[in-house]
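Below, each chain spelled out in residue letters.
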Amino acid sequence: PAPSFDVVIDLTVVTNNVVFTTITANSEQGFFCGDSDFVTFVTGLALPPNVPTRAPTSAPTITPLPTPDPETTACQLQAIVSCDVTNAAGLFECDNIVPPTSTQCLTGGVPRELEFIYRGGSCPGSTSQPFACNGIADEDEVWITIISENQNILWNRITTRGTFMDLRGIDNSVDVTISTVENGRVGQELQSMVFNTTCVASSGLRLKDTFGALELVEFTTGSGNSAVVNAAFANVEITYGVELERGTSTKARVTSASSIGGPVGSQTPTTYPLPADILGPRDSYVFGKQTEVIDLMNPGGVNSFSYALAVSALSASNSNLPCSDTSLVEFTV
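The model shown is predicted, which means the values in this text are computed figures rather than measured ones.

(A) Structural view of the overall build of the protein chain. Each helix and strand counted, the protein chain has zero helices and 20 strands in total. Residues classed as buried in the protein chain amount to 37% of the 333 residues present. Carbon and sulfur atoms form 51% of the exposed surface of the protein chain, whose accessible area is close to 19200 Å².

Structure representation (structure tokens):
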């Protein structure tokens with residue numbers, strides 16, 4: 001049964017309460033795992049005893065102004081282009097992507113995070129570190145298991161070629177097994193290796209060096225609230241979407257949506273299928289995503305990127321009332 005406990009709360013005082021739980025465990029094979037969660041709630045200002053208790057009811061929905069007539073009011077759209085950097089330990093924003101200040105991890109100790117890309121390849125790779133490595137892994141889809149020296153499971157899943165793998169919980173070394181995928185499960189072993197992950201010269205943790213089928217593309221060092229990330233690539237994800245402009249209620253039927261995005265001078269245009277449903281005040285719709293992998297060590301002369309979306313629609317209650325909007329995201333590396 002789940003553990004429980006009782007707490008006496010003074011309802012005459014407004015109190016912010018936090019309950020935090022941490023669970024750790026070891027599997028039968030000796031692997032360590034853990035998780036934590038918390039919940040917050042506010043108590044206080046109880047009703048006087050002479051006030052009768054009634055069943056709670058939902059608060060009425062109100063608007064600051066009279067609701068517009070949908071037959072005579074045009075819809076208003078908000079085109080959305082969002083930009084996220086999905087790697088680099090979460091320390092990069094699209095307006096703050098910088099080349100690495102160091103290409104080799106030489107700070108001593110262990111890094112806070114290492115990031116590899118599954119490229120496919122044979123042993124031993126291009127790294128200067130001598131390490132145990134056997135086999136060849138060159139399939140487009142494999143199962144990769146990475147376990148640290150202290151038995152932390154850093155990665156254990158189906159992995160496709162080009163996938164960025166963020167590894168946290170690094171210690172002195174990692175044991176890597178790359179296998180085929182059979183019916184969604186681990187199949188035949190293709191490649192195995194064990195190599196050091198300490199930030200010393202002998203480990204050869206140099207950006208873009210390969211360890212068998214894996215390419216090292218980022219290392220993050222530091223302690224406490226201080227962290228320094230050195231990344232060979234920025235994995236940028238652009239999301240194109242639309243919703244009604246905040247504060248408006250006239251529903252809309254989208255009639256066209258197109259984007260153009262990429263490095264300035266070689267952008268890719270895309271026309272999207274239209275949403276089947278009418279767009280309401282609480283709805284949002286994602287047309288699609290675009291991924292840009294930017295080489296921060298060899299940008300090739302292109303360092304400006306631009307992504308634009310244009311959306312048009314007709315008011316759902318009156319097709320004679322159109323609306324449209326555009327959105328643009330630009331950044332420079």
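(B) Local environment of a nonpolar patch on the surface. On the surface, a nonpolar cluster with roughly 550 Å² of combined accessible area is contributed by Phe5, Val7, Ile9, Leu11, Val39 and Phe41. Relative to the helices and strands, Phe41 is located in strand 2 (residues 32-43).

(C) Spatial organisation of unusual backbone geometry. In this model, Cys123 is joined to Pro124 through a cis peptide bond whose omega is 0°. Phi angles above zero are rare outside glycine, and Gln151 is one such case at about 70°. Mapped onto the elements, Gln151 comes out in the loop between strand 7 (141-148) and strand 8 (153-160). The residue Lys208 is not glycine, and still its phi comes out positive at about 75°. Tracing the sequence through the fold places Lys208 in the loop between strand 11 (185-196) and strand 12 (210-211).

(D) Structural context of the sheet that holds strand 11. With antiparallel pairing, six strands are arranged side by side in an open sheet as 5-6-11-10-7-8. Each of the sheet's edge strands pairs with one partner strand only, and the pair in question is strand 5 (121-122) and strand 8. Relative to strand 8, strand 7 runs antiparallel, the two sharing seven bridges. Residue pairing across strands places Thr145 opposite Asn156, the latter belonging to strand 8.

(E) Spatial organisation of the pairing of strand 11. Across four bridges, strand 6 (residues 132-137) lies against strand 11 in antiparallel orientation. Residue pairing for strand 11: Ala132 is matched across the bridge by Val194. Pairing between strand 10 (residues 173-182) and strand 11: nine bridges, direction antiparallel. Considered in strand 11, the bridge of Glu182 is made with Arg185.

(F) How the structure looks around the state of the cysteines. Scanning the entire structure with this criterion turns up four disulfides. Residue Cys75 pairs covalently with Cys323 via a disulfide, S to S 2.0 Å. Taking the torsion about the S-S bond as the criterion, the Cys75 to Cys323 disulfide, at about -95°, is left-handed. Highlighted residues: Cys75 in the loop between strand 2 and strand 3 (77-85) and Cys323 in strand 20 (residues 318-332), separated in sequence by 248 residues. The exposure class assigned to Cys75 is buried, which follows from its relative accessible area of 4%. Cys323 gets classed as buried once you look at its relative accessible area, which sits at 9%. One disulfide in the model links Cys83 with Cys94; its S-S distance is 1.9 Å.

(G) Just the side chain of Glu215, in detail. Its place among the elements puts Glu215 in strand 13 (residues 214-221). A relative accessible area of 9% places Glu215 in the buried class.

(H) Here's a closer look at the pattern of salt bridges. Taken as a whole and assessed by the stated rule, the structure comprises seven salt bridges. A salt bridge links Glu215 to Arg119; its shortest N-O distance comes to 2.5 Å. Linking Glu215 in strand 13 with Arg119 in the loop between strand 4 (113-118) and strand 5, this pair joins segments that are 96 residues apart in sequence. Arg119 sits in the partly exposed class, given a relative accessible area of 34%.

(I) The sheet that holds strand 20, seen in detail. In spatial order, the strands read 17-16-19-20; together these four strands make up an open sheet with antiparallel pairing. Either end of the sheet is taken by a strand with one partner, and the two such strands are strand 17 (268-271) and strand 20. Across the sheet, the axes of successive neighbouring strands diverge by a mean angle of 10°, strand direction being ignored. Relative to strand 17, strand 16 (residues 252-263) is paired through four bridges, and the arrangement is antiparallel. Looking at the pairing, Ser258 lines up with Thr271 of strand 17.

(J) Region of the structure containing the environment of Asn235. Looking at the secondary structure, you find Asn235 in strand 15 (residues 233-244). Its relative accessible area of 12% is what places Asn235 among the buried residues. A sequence separation of 151 residues divides Asn235 from Asp84, and the C-alpha atoms of the two residues are 8.4 Å apart. The residues touching Asn235, leaving out its near neighbours within four places in the chain, are Asp84, Val85, Thr86, Asn87, Phe164, Thr291, Glu292 and Val293. Separated by 2.8 Å, the side chains of Asn235 and Thr86 make a polar contact.

Reading the values: the criteria
Residues numbered from 1 in each chain as written. Predicted model: local features only at pLDDT ≥ 70, side-chain atom pairs only at ≥ 80, totals over all residues. Heavy atoms only, no water. Helix = DSSP H or I, 4+ residues; strand = E, 2+ residues; numbered from the N terminus. Buried < 20%, exposed > 50% of the residue type's maximum accessible area, 1.4 Å probe, protein only. Areas by Shrake-Rupley, 256 points an atom, 1.4 Å probe, with all protein chains shown as cover. Patch = residues over 30% accessible without salt bridge, like charges linked within 9 Å, V, L, I, M, F, W, Y side chains within 5 Å. Salt bridge = Lys/Arg side-chain N within 4 Å of Asp/Glu carboxyl O. Pairing = 2+ DSSP bridges. Disulfide = S-S within 2.5 Å. Axes fitted to C-alpha atoms, helices over the stretch in contact; angles between N-to-C directions. Contact = heavy atoms within 4.5 Å. Polar contact = N/O pair within 3.5 Å; in protein donor to acceptor, adjacent residues only side chain to side chain.

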